[in-house]
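These are the residues of each chain, in order.
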Amino acid sequence: MGFLKVIRTWALRDKMPIREIARRTGISRNTIKKYLREGIVEPAFQTPDRPSKLDPYAKQLTAWLTTDQRKSRKERRTAKLMHADLVKLGYDGSYERVAAFVRQWRGERQRAHHTTDRGTFVPLVFAPGEAFQFDWSEDWAYVGAERIKLQVAHIKLSHSRAFLVRAYLLQTHEMLFDAHWHAFRVFEGVPGRGIYDNMKTAVDKVGTGKKRDVNARFLAMTSHYVFEPEFCNPAAGWEKGQVEKNVRDACHRLWQVMPAFADLDALNDWLEERCKVLWAETEHGTLSGSIADVWEDEKPALMPLPTAFDGFVEQSKRVSPTCMVTFDRNRYSVPASFANRPVSLRIYPERLVIVAEGHTICTHERIIERSHRQPGRVVYDWRHYLAVVQRKPGALRNGAPFAEMPEAFRKLQGQMLRRPGGDREMVDILSLVLHLLHRLVDGKPTDQRDITPPSALSLSKEPEANVARYDGLRQARNEGGTRHAS
């Protein structure tokens, strides 16, 4: 570079002839003219293309490096090991050449990573009603005077950016289905497709590329609401960047300003109202107006809301001899007529429905205990055991299910059990009360008048209550007659 500066100084500033410059430098006049004509201030040298001993093995070495890239750092081979493997294949070149190839390949991969992978993104634009994005997060809140860990569902419309946040105790199928229903209810319609990561409640197996084995129950939900599920590449959260940002923003917009709540329903009611307030307060950013304004424009493009998907998860159970089924370490009672029989347990977010022979036989409020240190709980319904105590009235006295009867019934039971035969009388009273209640629920009158039979149905001989006749039957048997009774 200094030599070129001298030539340019002699020619341009000192007006020295080209012939004199060539004489002093020993460079041909044509070369000097070329430097001056093209304004070259830095020398450029072309490296000749020389064949290398590594060229025949470059493809194999590249394949090894590509394979190692998918492995953990500890499992990757060093350049020395690759050089040794190439020597076994016939390579007789130096290790330095192999090491230089590895450095160059890894440098190119790193530059590509920063420019085409995680480092650079393409802005996405969605048409009204085209898509929504879904994701889970974990947060804490005070519910029922206790600080509990929550699984939070985030659903966001891709065009208007309207969003809903809803809290659950678990990330299970029934919670996922419930979150979709409430989101579509709040959005007042269903977009054309949903964008997810590869969560286990939706994807049974991740294949190559975009191939997925979608969970059958999840697919039934998408068919019911008529939208197409789309899954991101593994570890590519930026493909649903809107809802990922919503997860981050919710920390200071929702959870840091959240009061305490009596139960989970109250928390979700507050979250829903708070989300709608944020729609009105937040500018869309790309389109004019707030999120609420753009959502109003997007609503006509959404599919009208269908009925709610029956979002349960079904399990087969067998009722125990004590008329119980077990779920999540807790036990729930079942009507005694189904003891020792198979039933179906339908699991909803807030309740358990037990079905047999195509009919619902009972429903229980679901108990979710996430701490395995606590023993499982037992949930009785004393009415389920009434058929048992009709045959075994003595079980009424110490039967665990009957300790949970209403207070009035327990007081009556205390009075009745002091009398001889009071346990059977108490069972009869309970049966009569349930019979009357069922008639009231079914809309049937409970105070029907006595029926007067027509004359054609009148008996010519009224039946007589005479137990002495049994003595005659016994006497006939003792005399060797026909056996009528024993």
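This text follows the structure it describes.
Residues numbered from 1 in each chain as written. Predicted model: local features only at pLDDT ≥ 70, side-chain atom pairs only at ≥ 80, totals over all residues. Heavy atoms only, no water.

(A) Just helix α10 (residues 264-281), in detail. Taking 1.5 Å of rise per residue, the 18 residues of α10 would be expected to cover 26 Å, and the 26 Å separating its terminal C-alpha atoms lies within 8% of that figure. Within the span of α10, buried status applies to Leu267, Asn268, Leu271, Glu272, Cys275, Leu278 and Trp279. Projected down its long axis, α10 carries its buried residues within an arc of 140°, all on one side. Looking at α10, the residues exposed on the side facing more than 90 degrees away from the buried face are Asp265, Ala280 and Glu281. Residues of α10 that are buried sit in contact with β1 (131-143), β2 (146-157), β3 (163-168), α7 (173-187), α9 (241-253) and α11 (291-298). Regarding α10, its N-cap is aspartate 263, as a side-chain oxygen of that residue lies 3.3 Å from the backbone nitrogen of aspartate 265 further along. (Helix = DSSP H or I, 4+ residues; strand = E, 2+ residues; numbered from the N terminus. Expected span 1.5 Å × (residues − 1). Buried < 20%, exposed > 50% of the residue type's maximum accessible area, 1.4 Å probe, protein only. Arc of directions from axis to C-beta. Contact = heavy atoms within 4.5 Å. Polar contact = N/O pair within 3.5 Å; in protein donor to acceptor, adjacent residues only side chain to side chain.)

(B) Representation of the environment of isoleucine 18. Along the chain, the position of isoleucine 18 falls in helix α2 (residues 18-25). On the accessibility criterion, isoleucine 18 (23% relative accessible area) is partly exposed. Here the alpha-carbon distance between isoleucine 18 and serine 28, two residues 10 residues apart in the chain, equals 9.3 Å. When sequence neighbours within four positions are dropped, the list of residues in contact with isoleucine 18 reads Arg29, Ile32, Lys33 and Leu36.

(C) Highlighting the packing of aromatic side chains. According to the stated counting rule, one finds 19 aromatic pairs in the structure shown. Where tyrosine 57 meets tyrosine 91, the ring centres are 5.7 Å apart and the plane angle is 75°; that geometry is what we call edge-to-face. In this pair, tyrosine 57 sits in the loop between α3 (29-38) and α4 (58-69) while tyrosine 91 sits in the loop between α5 (79-88) and α6 (95-116), placing the two residues 34 residues apart along the sequence. The same class applies to tyrosine 57 as to tyrosine 91, namely buried. With a centroid separation of 5.1 Å and an interplanar angle of 70°, the aromatic rings of phenylalanine 184 and tyrosine 225 are classed as edge-to-face. Note that phenylalanine 184 is positioned in helix α7 and tyrosine 225 in helix α8 (residues 216-225), a separation of 41 residues in sequence. You'll find phenylalanine 184 and tyrosine 225 in the same group, each marked buried. Taken together through their ring pairs, the aromatic side chains of Phe132, Phe134, Trp136, Tyr168, Phe184, Tyr196, Phe218, Tyr225, Phe227 and Phe231 make up a single cluster. (Phe/Tyr/Trp six-rings, centres within 6.5 Å; stacked < 30°, edge-to-face > 60°.)

(D) Just the side chain of histidine 284, in detail. Inspection of the secondary structure assignment puts histidine 284 in the loop between α10 and α11. A polar contact is formed between the side chain of histidine 284 and the backbone nitrogen of leucine 287, at a distance of 3.1 Å.

(E) Expanded view of the pairing of strand β5 (residues 203-206). Relative to strand β6 (residues 212-214), β5 runs antiparallel, the two sharing 3 bridges. In the sheet register, lysine 205 faces β6, and the bridge partner there is aspartate 213. In textbook terms, the turn of a hairpin is the stretch between consecutive antiparallel strands, and for β5 and β6 this stretch comprises 5 residues, one of which, glycine 209, has a positive phi near 65°. (Pairing = 2+ DSSP bridges.)

(F) Fine view of the pairing of β3. Burial runs high along β3: 6 of the 6 residues are buried. Of the two faces of β3, the one lined by Phe163, Val165 and Ala167 and the one lined by Leu164, Arg166 and Tyr168 are each fully buried. In this sheet, β3 lies alongside β2 in antiparallel orientation, the contact comprising 6 bridges. Across the sheet, lysine 156 pairs through a bridge with phenylalanine 163, a residue of β3.

(G) Inspection of a positive patch on the surface at higher detail. Positive charge collects at one region of the surface, where Arg19, Arg29, Lys33, Lys34 and Arg37 lie side by side. When residues of the positive patch are assigned to their parent elements, the largest contribution, 4 residues, is made by α3. Mapped onto the fold, arginine 29 is located in helix α3. Given a relative accessible area of 42%, arginine 29 falls into the partly exposed group. (Patch = residues over 30% accessible without salt bridge, like charges linked within 9 Å, V, L, I, M, F, W, Y side chains within 5 Å. Areas by Shrake-Rupley, 256 points an atom, 1.4 Å probe, with all protein chains shown as cover. Salt bridge = Lys/Arg side-chain N within 4 Å of Asp/Glu carboxyl O. Lys, Arg positive; Asp, Glu negative; His and termini not counted. Charge placed at Lys NZ, Arg CZ, Asp CG, Glu CD.)

(H) Fine view of unusual backbone geometry. For cysteine 323, which is not glycine, the phi torsion reads 65° and is therefore positive. For cysteine 323, the location among the structural elements is in the loop between β8 (313-318) and β9 (324-327). Positive phi values are uncommon outside glycine, yet arginine 329 reaches one of about 70°. Mapped onto the secondary structure, arginine 329 falls in the loop between β9 and β10 (330-333).

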